[in-house]
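A closer look at the structure
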Amino acid sequence: MAQPRLPTLGDGGDLTAGAERRLGDSIIRELYRDPDYIDDPVLVEYVQTQWLALLAAARARGELSPELDERFAWEVLLGRDRSVNAFALPGGYLGVHLGLIGVVASRDELASVLAHELSHVTQRHIARLMAQQSRQTPLMIGAMILGALAASKSPDAAQALAIGGQALVVQNQLNFSRDMEREADRVGYSLMAPAGFAPQGFVGMFDKLQQANRLNDNGSWPYLRSHPLTTQRIADMQSRLPPGASTLAPAPALEHAMVSARARVLSRPGVDVLRQWQAEPRSTGFAAQPAARRAGALYAAALAASQLRDHAGARALLVPLQAVVQGDAPAQRQVQLLAAELALAAGDVQAARQALSAGGGAASPDRPTLLLRTQVLLRAGQAQDMAGPLQTWLATHPRDAGAWQLLASVWQAQGQVLRSVRAEAEAHAARYDYAAAVDRFKAGQDVARKGSAPADFVEASIIDTRLRAVEALAREQAQQAAER
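Residues numbered from 1 in each chain as written. Predicted model: local features only at pLDDT ≥ 70, side-chain atom pairs only at ≥ 80, totals over all residues. Heavy atoms only, no water.

To continue, consider the overall build of the protein. A count of helical and extended segments in the protein gives 25 helices and 4 strands. Counting over 484 residues, the protein shows a buried share of 52%. Counting only contacts in the protein whose residues sit at least 6 apart along the sequence, the fraction spanning at least 24 positions is 69%. Only carbon and sulfur atoms are counted for the fraction: they give 52% of the accessible area of the protein, which is about 21600 Å². (Helix = DSSP H or I, 4+ residues; strand = E, 2+ residues; numbered from the N terminus. Buried < 20%, exposed > 50% of the residue type's maximum accessible area, 1.4 Å probe, protein only. Contact = heavy atoms within 4.5 Å. Areas by Shrake-Rupley, 256 points an atom, 1.4 Å probe, with all protein chains shown as cover.)

As for its placement among the helices and strands, glutamine 480 is situated in helix α25 (residues 455–482). Spatially, the C-alpha atom of glutamine 480 lies 8.8 Å from that of serine 26, the residues being 454 residues apart in sequence.

Looking at the element boundaries, asparagine 85 is found in the loop between β2 (75–79) and β3 (86–89). By relative accessible area, which is 4% here, asparagine 85 ends up buried. For asparagine 85, the side chain forms a polar contact with the main-chain nitrogen of tyrosine 223, separated by 3.4 Å. Leave out the neighbours within four places in its chain, and asparagine 85 touches Val96, His97, Leu100, Pro222, Tyr223 and Ser226. (Polar contact = N/O pair within 3.5 Å; in protein donor to acceptor, adjacent residues only side chain to side chain.)

Glancing now at the pairing of β2. In terms of burial, β2 is a largely internal element, 5 of the 5 residues being buried. By the alternation rule, side chains of β2 split into Glu75, Leu77 and Gly79 and Val76 and Leu78, which are all buried. When strand β1 (residues 37–38) meets β2, the two strands line up antiparallel, connected through 2 bridges. Residue pairing across strands places tyrosine 37 opposite glycine 79, the latter belonging to β2. Two strands pair when backbone bridges link them, and β2 and strand β4 (residues 93–97) are joined in this way by 5 bridges, in the parallel orientation. Across the sheet, residue valine 76 finds its bridge partner in β4, namely leucine 94. (Pairing = 2+ DSSP bridges.)

With that settled, consider helix α21 (residues 387–396). Three or more residues of α21 are buried, namely Ala387, Pro389, Leu390, Trp393 and Leu394. Take α21 and look down its axis: the buried residues cluster within an arc of 165°, on one side only. Turned more than 90 degrees away from the buried face of α21, the exposed residues are Thr392, Ala395 and Thr396. Those residues of α21 hidden inside the fold are in contact with α20 (367–380) and α22 (401–413). (Arc of directions from axis to C-beta.)

Here we come to helix α14 (residues 254–266). Here α14 is 13 residues long and its end C-alpha atoms lie 19 Å apart, about the 18 Å a rise of 1.5 Å per residue gives. With respect to burial, α14 is a largely interior element, 11 of its 13 residues being buried. Within α14, burial applies to Leu254, His256, Ala257, Met258, Val259, Ser260, Ala261, Arg262, Ala263, Val265 and Leu266. Following α14 by one or two positions, arginine 268 adopts a phi angle in the positive range, close to 60°. (Expected span 1.5 Å × (residues − 1).)

One pass over the structure, following the stated rule, counts 26 salt bridges. Residue arginine 21 is joined to aspartate 25 by a salt bridge in which the shortest nitrogen-to-oxygen separation is 2.8 Å. Remark: aspartate 25 and arginine 21 occur in helix α1 (residues 17–33); sequence separation between them is 4 residues, near one turn of the helix. For the pair shown, arginine 21 and aspartate 25 are each scored as buried. Through salt bridges with shared partners, a single network forms among Arg419, Arg422, Glu426, Glu459 and Arg466. (Salt bridge = Lys/Arg side-chain N within 4 Å of Asp/Glu carboxyl O.)

Together, Phe457, Val458 and Ile462 make up an exposed nonpolar region whose accessible area comes to about 300 Å². If you trace the backbone, phenylalanine 457 turns up in helix α25. (Patch = residues over 30% accessible without salt bridge, like charges linked within 9 Å, V, L, I, M, F, W, Y side chains within 5 Å.)

Okay, the pairing of β3 next. Side-chain positions along a regular strand alternate between the two faces of the sheet. By the alternation rule, side chains of β3 split into Ala86 and Ala88 and Phe87 and Leu89, which are all buried. Hairpin geometry of β3 and β4 is characterised by an intervening segment of 3 residues between the two adjacent antiparallel strands and by a positive phi of about 85° at glycine 91.

Once that is clear, we can look at the packing of aromatic side chains. Two numbers describe a pair of aromatic rings. These are the distance of the centres and the angle of the planes. Inspection of every chain in the model, using the stated rule, returns 8 aromatic pairs. Relative to tyrosine 432, the ring of tyrosine 32 lies with its centre 6.4 Å away and its plane at 25°, an arrangement referred to as stacked. With a gap of 400 residues between them, tyrosine 32 in helix α1 and tyrosine 432 in the loop between α23 (417–430) and α24 (434–450) connect regions that are remote in the sequence. A relative accessible area of 1% means that tyrosine 432 is categorised as buried. (Phe/Tyr/Trp six-rings, centres within 6.5 Å; stacked < 30°, edge-to-face > 60°.)

Further remarks concern the sheet that holds β1. Strand pairing within a sheet occurs via backbone hydrogen bonds; the two strands may be parallel or antiparallel. Pairing is mixed in the open sheet, where 4 strands are placed in the order β1-β2-β4-β3. At either end of the open sheet lies a strand with only one pairing partner, and these are β1 and β3. With respect to the sheet, helix α2 (residues 41–60) is in contact with β2 and β4, its orientation differing from that of β2 by roughly 140°. (Axes fitted to C-alpha atoms, helices over the stretch in contact; angles between N-to-C directions.)

The next subject is the packing of helix α18 (residues 329–345) against α20. Packing of α18 against α20 leaves a shortest axis separation of 11 Å and a crossing angle of 25°. Considered as vectors, α18 and α20 are oriented roughly parallel to each other. α20 is crossed by α18, and the crossing has left-handed handedness. Contacts from Arg333, Leu337, Ala340, Glu341 and Leu344 in α18 reach Pro368, Thr369, Leu372, Gln375, Val376 and Arg379 in α20. For the contact of α18 with α20, the residue count by class is 6 nonpolar, 2 polar and 3 charged. (Parallel < 35°, antiparallel > 145°, perpendicular 65-115°, else oblique. Left-handed = near helix turned anticlockwise from the far one by under 90°. Nonpolar A, V, L, I, M, F, W, Y, C, P; charged D, E, K, R; others polar.)

To continue, consider the confidence of the model for the protein. When pLDDT is averaged along the protein, the result is 86, and 83% of the positions lie at 70 or above. Taken as a whole, residues 1–12 scores under 50 in pLDDT and shows 28 contacts with residues more than four places along the chain or in a different chain. Throughout residues 157–174 the model reports pLDDT below 50, and contacts reaching past four residues in sequence, or to other chains, amount to 25 contacts. (pLDDT = per-residue confidence, 0-100.)

Time to look at the environment of arginine 268. Topologically, arginine 268 is positioned in the loop between α14 and α15 (271–279). Separated by 187 residues in sequence, arginine 268 and aspartate 81 place their C-alpha atoms 8.5 Å apart. Each residue touching arginine 268, except ones within four places of it in the same chain, is listed here: Arg80 and Arg82.

Quick look at the structure:
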């Protein structure tokens, strides 16, 4: 049953939900091109699962209006940046840096950040801030948001913004007011328990932010600059816990410890750090560490060893890791995926197939297994059976650019050139690169005109229809760019 909505601070000003979504699309298109953008199926699935659970709770409680639910994207993008940061963007997009995933101690702490950012979106805080900048066009605001995100990673970019006289505008655009921060805390906190998370995660995350706030600002915690912490906010979260309830979140799960370790390794910390992590399981007293600590360290060590091309060392570390996670199904699944990934990196396709076979059937519906299995079978020259599972997945996830790209490779391996070209076009369209998508669809038309197979007629008709639709989007995108 939907709960009555708590009073909000406003309705989003003059910016319509459709206009906000279009602005978000234009920003996301640029972020997809950022070298730091990463589509790691394991990490994306972990964060997206929490994000979707919070969305479901927001719907059930009446915090998410039907209009926003329908119009907004509700997508999560991951950045390889090592800084501790997350940010809501116009149109229901969420950006998360690997540095944040790597530092949170539990899924509940991560969920608290996601819930807070989700509430900024559902309460239309972003739209209302844009309304305050009414003298700026939405596209100009979008450009400034991109500039501010770049500035969070590059002092040179920040200096350039200041020289251009836009620093204050950007600061005002991205920094939510204290009232908005408190509202996002309140609404976000209310989503935690209904979504299956411990509300203590909010308190734990606030403790981390408070400790970081006492340190000199070295750029590692940009979240503190865009979401300034106050003693009132900390006290408010602590007071919302039930009387007598512990402020401590549940002990970290083995799965979270490994996912967090994965984020740290994939953030490219450098060769010296990877070597340190690889050696940690051999340190004195390691066996006495809690299970979650050992699971995370062993996972990081194995993945680090693989990245250092010590494939034998990586495989050896899987043995104690498998012993630690014995009996924990989510953690065992992560180890199976890691084992297949390490074997594939070592060129041992048979071992990779065996590792995936231990985790379920060939048409497993989860994205990490589906994509990894396809990569393994492509390497083995036996991916013909994966076209069906990929198409089934894309029927319900049509904006999965990574899956479209793999489907293009599968069809190319089968000699289905026309289908392969269409899948490449769909991958570009999924990343809002409509000009590139149009180019590939037109290439598909050229292939179709030269083809003679009966099946090509149906595929050519699909390409013609999709080309017209994407051309319209490309014209709109080009017009928006010209107005900047």
